[in-house]
Amino acid sequence: MTTKTSPTSRTTTRAFRCSAVLAAGGLLITACSPSAGTGSGGPGAPSFEGRGPITYVAGKDTTGSVQPMIDRWNRQHPKEKVTFIQLPTDPDAQRRQMIQNAETKSDAYTVLSLDVVWTSEFAAHQWIDRLPQERFPLSGMLKPVVETAKYRGGLYAVPGSSDGGMLYYRSDLLKKAGVSQPPVTWAELKDACAKVKRLPEAKDMSCYAGQFQKYEGLTVNFAEAVNSAGGTVTDAKGTPDVDTPEARKGLDFLVGSAKDGTIPEEGVTYQEEDGRQAFQSGQLVFLRNWPYMYGLAANSGIKGKFAVAPLPGLDGPGASSLGGHNMALSSSAENKATALDFIKFFTSEENTATLLKEASAAPPYASLYDDKALTSQYPYLPVLKESILRAVPRPRVVPYGDVTAAVQQQAYAALTGDKSSAQALKDLQAALQKSVAQ
Amino acid sequence: MTKTEIPPAVTEGRRPGEPVTRRRLTAKPARATAGSGRMAALLVSPTLLVLSIVVIYPTLMALKESLYGPKGLDPATGFISDTEPFVALKNYADIFGEAGERFWNAFWNTTFFTVVTVGLETVIGVAMALIMHKAFRGRGFVRAGILIPWAVPTAISGLLWRWIFNSDGVANALIGHQILWTTEGFHAKVAVIIAEVWKTAPFIGLLVLAGLQVIPKEVYEAARLDGARPPRQFWHITLPLVKPALLVAVLFRCMDALRMFDLPYILVGAQKHSVETLSMLAQNEASNVRFGPASAYAVLLFLYVFLIALAFVRLLGADLVGEGAARRRRRKTERRRMEVTA
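Rules used throughout
Starting from 1, residues in each chain are numbered consecutively following that chain's sequence as written. The naming scheme follows written order: chains are lettered A onward, ligands numbered 1 onward. Per-residue local features of the predicted model are confined to residues with pLDDT of at least 70, and side-chain atom pairs are confined, for both listing and counting, to 80 or more; whole-chain, interface and lining totals are unaffected and use all residues. Excluded from the side-chain calculation are hydrogens and water; included are all heavy atoms of the structure. A pair of strands is treated as paired once DSSP finds two or more bridges between them. Elements are defined by DSSP. Helices are runs of H or I of four residues or more, strands are runs of E of two residues or more, and each kind is numbered from the N terminus. Structural elements are reduced to axes, namely lines fitted to C-alpha atoms, with helices fitted over the stretch in contact, and the angle between N-to-C directions of any two is expressed from 0 to 180 degrees. We call two residues contacting when some pair of their heavy atoms lies within 4.5 Å. By definition, disulfides here are pairs of cysteine sulfur atoms that lie within 2.5 Å. Each residue is assigned to one of three classes by its accessible area relative to the maximum for its type, calculated with a 1.4 Å probe on protein chains only: buried under 20%, partly exposed between the two thresholds, exposed over 50%. With respect to orientation, any angle under 35 degrees is reported as roughly parallel, any angle over 145 as roughly antiparallel, any angle of 65 to 115 as roughly perpendicular, and every other angle as oblique. Take the far helix as your reference; a near helix turned counterclockwise from it by less than a right angle gives a left-handed crossing, and one turned clockwise gives a right-handed crossing. Only Asp, Glu, Lys and Arg are considered charged, only Ala, Val, Leu, Ile, Met, Phe, Trp, Tyr, Cys and Pro nonpolar, and every remaining residue, Gly among them, polar. Polar contacts, as used here, are pairs of N or O atoms within 3.5 Å; protein pairs need one atom able to donate a hydrogen and one able to accept it. Residues neighboring in sequence count only if both atoms are side-chain atoms. When the centres of two rings from Phe, Tyr and Trp lie within 6.5 Å, Trp using its six-membered ring, the rings pair. Their planes under 30 degrees apart give stacked, over 60 give edge-to-face, and anything left gives tilted.

> Help me get a handle on the sheet that holds strand β11 (residues 322-329) of chain A, residues and values and all.
Residue and element names in this part refer to chain A. Ordered by their spatial adjacency, five strands build an open sheet running β2-β1-β3-β11-β6, and the pairing between neighbours is mixed. Bordering the open sheet on either side are β2 (82-87) and β6 (158-164), each of which pairs with just one other strand. With direction set aside, neighbouring strand axes in the sheet form an average angle of 20°. Sitting on the sheet, helix α2 (residues 66-76) is in contact with β1 (54-59) and β2, with an inclination near 160° to β2. Running over the sheet, helix α12 (residues 336-346) touches β1, β2, β3 (111-115), β6 and β11 and is turned about 150° from β11.

> Break down the state of the cysteines for me, with residues and values.
All names here are of chain A. Applying the stated criterion to the full structure yields one disulfide over all chains. Put simply, C193 and C207 are joined by a disulfide, and their sulfur atoms are 1.5 Å apart. Residues C193 and C207 share a disulfide whose torsion about the S-S bond is about -105°; that sign makes it left-handed. With a gap of 14 residues between them, C193 in helix α7 (residues 186-197) and C207 in strand β8 (residues 206-209) connect regions that are remote in the sequence. For the residue pair C193 and C207, the accessibility class agrees, reading buried in each case.

> Residues and numbers for the packing of helix α4 (residues 100-133) of chain B against helix α5 (residues 139-151) of chain B, please.
Residues and elements named next belong to chain B. Taken N-terminus to C-terminus, the directions of α4 and α5 make an angle of 155°; their axes are 9 Å apart at the nearest point. As the angle between them shows, α4 and α5 are arranged roughly antiparallel. The hand of the α4/α5 crossing is left-handed. Together, M128, I131, M132 and H133 of α4 and R139, V142, R143 and I146 of α5 make up the contact between the two elements. A class-by-class count of the residues in the contact of α4 with α5 yields five nonpolar, one polar and two charged.

> Break down the environment of T117(B) for me, with residues and values.
Residues and elements named next belong to chain B. Inspection of the secondary structure puts T117 in helix α4. Residues T117 and A195, spaced 78 residues apart in sequence, show a C-alpha to C-alpha distance of 9.6 Å. When near neighbours in sequence (up to four residues on either side) are disregarded, T117 contacts I193, E196, V197 and A257. At 2.5 Å, the side chain of T117 and the backbone oxygen of F113 are in polar contact.

> Go over the packing of aromatic side chains, please, and point to the residues and values.
Enumeration according to the criterion identifies 35 aromatic pairs over all chains in this entry. Taking the centre distance of 5.9 Å and the plane angle of 70° together, the rings of Y378(A) and Y380(A) count as edge-to-face. Each member of the pair, Y378(A) together with Y380(A), is buried. Between W104(B) and F107(B) the ring centres are 5.3 Å apart and the planes differ by 75°, which places this aromatic pair in the edge-to-face class. Of this pair, W104(B) and F107(B) both sit in helix α4, three residues apart, roughly one helical turn.

Right, here's the structure in full:
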């Protein structure tokens, strides 16, 4: 029986482990408590003074094309060296780390690569500086892209790269089925699909997919559907206006397609990569996706069997949501004169062209889309330009996190049949009004 | 039997009254305390200092933070105000009001996951331990195999299981029926439970195995001689003797399950209400720059974990604090010995 009483060593280990668990519990709480008392400098115009070393902060550079560009700058400006700080690939983690840096008023981050939907939030919190518009060649950039860098009329960032949705389609099957032109409207899309499905080899294919899993991609696809039917999620001032007949038509296209099988049943679990794999393995006739997929699909089994077109809409071409990144200047940073020059350097036409070639990032400059050498290398560029020119940015609101969560919640409920689209839009309008009013 | 039980209970119960036996026990250490008390305090102080920096200070900061509301937007300038308004206990009161729906959903999810996963893990873990305890060829191989899930980082196993639960993944191929596991609904909960049990049952198995190995073989021999069959041996010998180890394992698992975050977050998704736990809710609030409510939720979760741990120690006598529990157990052993002799 004596063996039952544990030796002291074991007991202490347990006690120690217990306190470790409690400590971990405490750490969880620490993760939530920010540094108290973050007084900011106030809305006075920044002076952009000081030269010296700075940092550039962006998500992990998977293509390896950013560092060479920074090296080029460093060779030209030996006294104003730029250090590249790479954050995780996950956008949420990037945003969290940038917010943490801003909340602690740290000068560790100078130039930030912001996702286009973060601009309003970062500007409203004054984590980034308002920039002098006249110092950047904005007039040569596509207008919808420049809009993503503005907050209340002021420029808070400079477009670095853009992105727009495109409709990928199986050109071989469409041709075989006798459809000469890619669809421009949703009705044409369904019609073309019905014709393709009459082909013996397309019997088991599904028609259409996008990014309908409950995540940011759904917000993009929902906003596209609503905008393509003439509706809005939030108006230019950020006021929600989504409970409208137009928005209803947009959502009904998605919900109806999910119901009648145009969108496959598993479509509600698709993110970008799931859809790409389904398209590449010949399960889909049409797919809405970003340009990044073009190169990958061109090297897959459907090489030469697909093409891209602008997104279809209700009565005509649809409106894409915008992706991409903008360069902003952290308000708590030092050497802002250098930073401004670096932003200008980094977003120059020459550099964005390099990024297009090496990382296939869509440039913000209009002229690059008409460049003969580039369009022969990237045949999708004219379509992408059209997509971006017709694009509508996602809701430009300060509490974007809450807005996108509400959109995902309601759109997903409608898409999976938990709610009617009318009810979903009504609830969404109420939820958006609440979060924007805060 | 009742009679025989009285003496140890009385001696133990008269602690404040300082009976003769008690004084005799404490006489020696008392003399030592006078000399080495200061030394002991000195030696313990670095630990206390570190503890107060990494545990007490953050906890107090979180408590303070939870009394502040989110910063407001000035409609005229379009800028967020600099300071957080003091709202006292509003963040806590809100869980009973309009904003409470999400909190309670997360609370019930957390509780549901904890009860179900820990329940399943206990059963499976004990079974694993019994298998690992049996002497057979290739035992080391089986032990290593059982340990693999526990060795895989949670985030990785989340990805692994997301792949399994994909619409055209292994899980659907096995059951021959398409279930969209990673959408909203009860099936998402099931997916999380399966992945969590797969991952953590080995932990219970390991701790129980340690407990099993200190049970002397003679007990079983005696039982066998008395004609007890294996099920009876299990219920009356194995389980009571392994209980201290099992309780600690279950307690750790409970505390861990209550803080569950990465598995549902990666496996099913961040915005899925059907699997949102309290940790996910607090993280979500914090990432939307509402540190006040986030801290309040974290504090409530902390209290919840604390209460469960307390319940384990108090009601079930889990051996966590060491001495107190050891004494209680000694008393219990004595009582059992008395019962046996009676």
